[in-house]
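# Descriptive structure summary
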Amino acid sequence: MKGQKVLFESGNELAAYAAKQINYHVMGYYPITPSTQIAELLDQMKADGEHDITLIAAEGEHSAAGICYGASAGGGRVFNATSANGLLYAIEQLPVQSGTRLPMVMNLACRTVSGPLCIKGDHSDIMYTLNTGWLILFANTPQEVYDFNICALKLAEQVKLPAIVGFDGFFTSHQKRNSRVFEEDEIVRDFVGDYNAEYSALDLEHPVSIGSYMNEPDVLNNKYQLHLAMKHAMQSLPNIFNEYEEISGRKYGLVQGYMMEDADVALFILGSAYHTAKVAVDKLRKEGKRAGVFTIKLLRPYPADELYELCKDTHTIIVADRQDSYGAGGGNLSIEFKAMLQEKDCNKKSHRVISRIYGLGGRDFYEEDALKLLQHGYEKQVKTFGYMGIYPGNSNNAATKYFAVLDKESQSPGCTEVIVEENKSKEKEEKQKKFPLICGKIVVQGGKINETTEMPQRLAPGHGACPGCGIPVNVNLLLRGIEGNVVLLFQTGCGMVVTTAYPKTSFKIPYIHNLFQNGAATLSGLSQMFHQRQARGEYPEGEITFIMVSGDGGMDIGMGSALGTAIRNERLIIFEYDNGGYMNTGYQLSYSTPKGAKSATSHVGENQYGKKFFHKDSPMLMAATNLPYVATVAESNPMDFIKKAAKAKYYANECGTAYIKALSACPLNWNDKPNTERRVIAAAVDSCYFPLFEIENGITELNYNPEKMNKKIPVLDWLTMMGRTKHLAREPYQEIVQEIQDEVDRRWERLKARAEHPLL
């Protein structure tokens, strides 16, 4: 045995620790609960100089998987971590990597796949990976997460296949346990050995084409070779486990059982629930009942022989699935177990199998639940399939009405009036003759705060946002300027989570949710359905303003969908509340986070000063699609905000896509005080970090110029108002501050030049 020490850590922490000790070359990742801690911890270690891994924060899981694939093709060691819909977003890339035989390790902190949205743990995500050609190990303790991460890499490189290490989200991922790790990183590196890729896209002396186009029978042979690699893995993993036992003292098999030697009734269960079930088995044994429990450590390849040997003499087996393969009479654990028995028993029918779905959405699994499952095995008459823990609904219950319905009249108090007038400026008139405006010159009358108090709040005060959160402030300011009927779509994020906790809602108007990456496309479909049904006479005349609300990094992962919507010029508003981070997952960096800001994935340490690259200029990205209206707004300038909202409504209903971006405060993660946020937002505007402007039909106009009002301040004055960037005032970061100031100045000068130019 090699030297080890005890750490009191969680599964996520131990996955990161193993990755640090291996010292991978590259990690491509995207934050998603509950796996995000792995990237956060590795970033902290990076800042502290504990490893040399290049951490690449992608704009979404699909790109993160692409980063990993590309890095793997370069002949080095690659790492990733994800969960739930993040895995599903990336899943297209998984067969690409296994089919081209490029090894890597991905940790999967298992979580419920939505919809409806749920961030709690079950096994509905990992079962999607069974047919992707990846090796899949499943750990049921934090210790196993550490050990399997080390063994999985060795196995992956031996058989040339990528590997998943799965474990229960929020159970194994977050629960701390005393675990043993190797004292020296070199022990781990010696165990996994050197990796010499058979081929590499970086080998210029031996150029290869990776992922070539294939016809039958070549692709048939390729898949057969993948099948052979799985067989090879089945032979190799026991040897790797034996080698690992020699240096760690911990023995692992492909399956694991408790009290299975003479069990007549046994529970087959995956993950951390195995340990709860052991307690129930002990209780039944004291009652004289020969109960047992067993689990599996390897989902792919499937250890059928070992599994059968463990339970072949057990009469009744209850298979507990934390996932359902809907319509199949059981989850994947049940289906594959029954198939194994059918093959091994050759129709002897010596086993009775009962399937139960449990623990979906992270529902806790207690000793009493395990007892209930095992008791089924002692009942003569019992259904072979069912759900555990469901409760009866009442179809006669009417939906609870939380608010009075807001009709068109109540949403149209006449606070603002939009009129179209001709340009009186000779210069602009000539320009308009040359380049006719799509919608004319839009002018908004009214829109003062006191004039808009009659507008009913479509987003009610009854929500769970943090004190000082800018999201409800900005959404309500936006809606003050939009009269008439409104339908809202919120992408995943803080704004969605705090307003729609089932079974209640904070919205007085129709609302729909979809995930980060597809919000704009979803609202496009809804908008088109409205117009199509109106054209067919199926819907009354009138207009609806469709608004997508995005933030918390939603215009990173959702940028492709938003750009596609803008290019198609769909009739809707895209409203981005920019709070400068992935706030709903605990504040990881987003592409709109200021350069130099510290976050959970951009730590400050001796080797790192915070986020390494400049914030994304999304208004200019959207403007490049030639959509009719782009604007920036801030709560520090409320009248400007409301008037622009009214303009956006006009453009969305008459011309096409309108995009508005607001700088939105997040006191919790900006690390400042809720009662100062308006001043903080104003300082961002006065520093020109967040200038206020609009682009109508390609023509730029500055709405607020702090230079002319003698209010312009250095960007550092704004940065030091927030704890996340306060460190930049210190001596070591003067060069970084100058880079930020130079970039802010560059963007400001370009914006002024656009505003002064007759065609821009």
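A few points on the structure. (Residues numbered from 1 in each chain as written. Predicted model: local features only at pLDDT ≥ 70, side-chain atom pairs only at ≥ 80, totals over all residues. Heavy atoms only, no water.)

### Comments concerning the overall build of the chain
So the rule is basically this: The numbering of helices and of strands both runs from the N terminus, where a helix is a DSSP run of H or I of at least 4 residues and a strand a run of E of at least 2. Taken over C-alpha atoms, the radius of gyration is set against a globule rule of 2.2 Å times the number of residues to the power 0.38. Any residue under 20% of the maximum accessible area for its type is buried, any over 50% is exposed, and the rest in between are partly exposed; the area is computed with a 1.4 Å probe on protein chains only. Exposure was quantified through the Shrake-Rupley algorithm and a 1.4 Å probe, taking into account, for residues, occlusion by the shown protein chains and nothing else.
When helices and strands are counted, the chain shows 24 helices and 27 strands. A compact globule built from 760 residues should have a C-alpha radius of gyration of about 27 Å, and the chain, at 29 Å, falls within 12% of that. Across its three principal axes, the chain shows a C-alpha extent of roughly 95 × 70 × 55 Å. Here the chain, with 760 residues, has 56% of them falling under the buried criterion. Surface exposure of the chain reaches about 32,400 Å², of which carbon and sulfur atoms provide 51%.

### Observations concerning the packing of helix α1 (residues 11–22) against helix α7 (residues 185–192)
Quick reminder of the rule: Axis definition: a line fitted to C-alpha atoms, limited for helices to the stretch in contact. Angles are taken between N-to-C directions and run from 0 to 180 degrees. By the definition adopted for this analysis, an angle is roughly parallel if under 35 degrees, roughly antiparallel if over 145, roughly perpendicular if from 65 to 115, and oblique otherwise. Any pair of residues with heavy atoms lying within 4.5 Å of one another is described as a contacting pair. Residues are grouped as follows: nonpolar covers Ala, Val, Leu, Ile, Met, Phe, Trp, Tyr, Cys and Pro; charged covers Asp, Glu, Lys and Arg; every other residue, Gly included, is treated as polar.
The geometry of α1 relative to α7 is characterised by a closest axis approach of 8 Å and an angle of 75° between their N-to-C directions. When the axis of α1 is compared with that of α7, the two are roughly perpendicular. The segment α1 lies against α7, with Lys20, Gln21 and Ile22 engaging Asp185, Val188 and Arg189. Of the residues in the contact of α1 with α7, the class split is two nonpolar, one polar and three charged.

### With respect to the sheet that holds strand β20 (residues 544–551)
Counted only if it meets this: The pairing criterion is simple: DSSP has to find at least two bridges between the two strands.
The strand order β19-β18-β20-β21-β25-β24-β26-β27 describes an open sheet built from eight strands, whose pairing is mixed. The sheet is open, and its two edges are formed by β19 (511–514) and β27 (699–702), each paired on a single side. Taken pair by pair, the neighbouring strands of this sheet meet at an average axis angle of 20°, ignoring direction. As paired elements, β20 and strand β21 (residues 573–578) share five bridges and run parallel to each other. Looking at β21, one finds that glycine 551 is bridged to tyrosine 577. Contacts from helix α14 (residues 470–480) reach β18 (485–491), β20, β21 and β25 (658–663) within the one sheet, and its direction differs from that of β21 by about 150°.

### With respect to the packing of aromatic side chains
Under the convention used in this document: Aromatic rings from Phe, Tyr and Trp, taking only the six-membered ring of Trp, are treated as a pair when their centres fall within 6.5 Å; an angle between ring planes under 30 degrees marks them as stacked, one over 60 as edge-to-face, and anything in between as tilted. Geometrically, a charge over a ring is one whose NZ (Lys) or CZ (Arg) sits within 6 Å of the ring centre while staying within 35 degrees of the ring normal.
This structure, assessed with the given rule, holds 23 aromatic pairs. Pairing phenylalanine 490 with tyrosine 511 gives two aromatic rings, centres 5.7 Å apart and planes at 50°, and the pair type is tilted. Taken together, the residues span a long stretch of sequence, with phenylalanine 490 in strand β18 and tyrosine 511 in strand β19 at a distance of 21 residues. A relative accessible area of 1% places phenylalanine 490 in the buried class. Ring-pair connections join several aromatic residues into one group, and the members of that group are Tyr146, Phe182, Phe191 and Tyr244. Just above the ring of tyrosine 17 sits the side chain of lysine 20; from NZ or CZ to the centre is 4.4 Å.

### Observations regarding the sheet that holds strand β15 (residues 385–387)
One open sheet accounts for six strands, arranged β9-β11-β10-β13-β14-β15; its pairing is mixed. For this open sheet the edge positions go to β9 (255–258) and β15, each flanked by a neighbour on one side alone. In this sheet, neighbouring strand axes are inclined to one another by 20° on average, regardless of whether the strands run parallel or antiparallel. The pairing of strand β13 (residues 316–321) with strand β14 (residues 352–357) spans six bridges and is classified as parallel.

### Some remarks on a negative patch on the surface
As a reminder, the rule being used: Distance thresholds for patches are 9 Å for like charges and 5 Å for nonpolar side chains (Val, Leu, Ile, Met, Phe, Trp, Tyr), applied to residues having over 30% relative accessible area and no salt bridge. We define a salt bridge as a contact between a side-chain nitrogen of Lys or Arg and a carboxyl oxygen of Asp or Glu at a distance within 4 Å. The sign given to each residue is positive for Lys and Arg and negative for Asp and Glu; His and the chain ends receive no count. The location of each charge is read from NZ of Lys, CZ of Arg, CG of Asp or CD of Glu.
A cluster of acidic residues, Glu183, Glu184, Glu186, Asp190 and Asp194, forms a negative patch on the protein surface. Note that glutamate 186 resides in helix α7. Since its relative accessible area comes to 44%, glutamate 186 is described here as partly exposed.

### Thoughts on helix α9 (residues 273–286)
Condition: By this rule the span expected of a helix is its residue count minus one, scaled by 1.5 Å. Picture the helix axis, draw a direction to every C-beta atom, and the arc is the one those directions span.
Taking 1.5 Å of rise per residue, the 14 residues of α9 would be expected to cover 20 Å, and the 21 Å separating its terminal C-alpha atoms lies within 8% of that figure. Inspection of α9 places Ala273, Tyr274, Ala277, Ala280, Val281 and Leu284 among the buried residues, and these make up the whole buried set. What you see down the axis of α9 is that its buried residues fit within an arc of 110°, all on one side. Buried residues along α9 sit in contact with β7 (163–168), β9, β10 (265–269), β11 (291–296) and α12 (367–376). A positive phi of about 85° marks glycine 288, the residue just after α9.

### Brief notes about the environment of arginine 300
Put simply, the test is: Here a polar contact is taken to be a pair of N or O atoms separated by no more than 3.5 Å, where protein atoms must pair a possible hydrogen donor with a possible acceptor and residues adjacent in sequence count only if both atoms sit in side chains.
Within the element layout of this structure, arginine 300 appears in strand β12 (residues 298–300). In this view, arginine 300 contacts Leu130, Asn131, Trp134, Leu135, Ile136, Met230 and Glu336; residues no more than four positions away in its chain are not counted. A polar atom in the side chain of arginine 300 sits 3.1 Å from the backbone oxygen of leucine 130. Within the structure, the side chain of arginine 300 is placed 2.6 Å from the side chain of glutamate 336, a separation counted as a polar contact.

### Topic: unusual backbone geometry
The omega angle of the peptide bond from glycine 115 to proline 116 is -5°, so this bond is cis rather than trans. Of note, proline 116 is situated in the loop between β5 (105–110) and β6 (135–138). One non-glycine residue, arginine 101, lies in positive phi territory at about 60°. Summarising the element assignment, arginine 101 is placed in the loop between α5 (93–99) and β5. Positive phi outside glycine occurs at phenylalanine 170, with the angle close to 70°. Here phenylalanine 170 lies in the loop between β7 and β8 (177–182). The partly exposed category is assigned to phenylalanine 170, whose relative accessible area is 28%.

### A short note on the side chain of serine 602
Inspection of the secondary structure assignment puts serine 602 in the loop between β21 and β22 (604–605). Looking at serine 602, its side chain comes within polar contact range of the side chain of serine 599, at 2.6 Å.

### Topic: the nonpolar core
So the rule is basically this: Buried Ala, Val, Leu, Ile, Met, Phe, Trp, Tyr and Cys residues form a nonpolar core when they are joined through side-chain atoms within 4.5 Å.
Ranked by size, the top nonpolar core spans 87 residues in total, and within it Leu488, Ile547, Ile574, Phe575, Met622, Trp670 and Trp718 carry the most contacts. Filtering out sequence-adjacent residues up to four positions away, leucine 488 remains in contact with Leu479, Phe507, Ile509, Pro510, Tyr511, Ile512, Ile547 and Val549. If you look at the next biggest cluster of nonpolar residues, it comprises 59 residues, including Tyr17, Leu55, Val165 and Ile240.

### A few points about the pairing of β21
Burial of β21 is extensive: six of the six residues sit out of reach of the surface. Neither face of β21 is left uncovered, since the one carrying Ile573, Phe575 and Tyr577 and the one carrying Ile574, Glu576 and Asp578 both have all their residues buried. The pairing of β21 with β25 spans six bridges and is classified as parallel. Bridge pairing links glutamate 576 to lysine 661 in β25.

### A word on helix α8 (residues 218–248)
We apply this condition: Fitting axes to the seven residues that end at a residue and to the seven that start at it, the angle between those axes gives the bend at that residue.
With 31 residues, α8 extends 43 Å between its outermost C-alpha atoms, agreeing within 8% with the 45 Å of an ideal straight helix rising 1.5 Å per residue. Along its length, α8 reaches its greatest deviation from straightness, about 30°, at serine 236, and the proline proline 238 lies no more than four positions downstream.

### Structural notes on the environment of glutamate 306
The topology assignment puts glutamate 306 in helix α10 (residues 304–311). Distance in space between the C-alpha atoms of glutamate 306 and isoleucine 247 is 24 Å, their sequence separation being 59 residues. Setting aside chain neighbours within four positions, we find glutamate 306 in contact with Met234, Leu254 and Val255.

### Description of a nonpolar patch on the surface
A grouping of Met214, Val219 and Leu220 is seen on the molecular surface, where their side chains present a nonpolar patch of about 250 Å² in accessible area. With respect to the helices and strands, the residue valine 219 is situated in helix α8.

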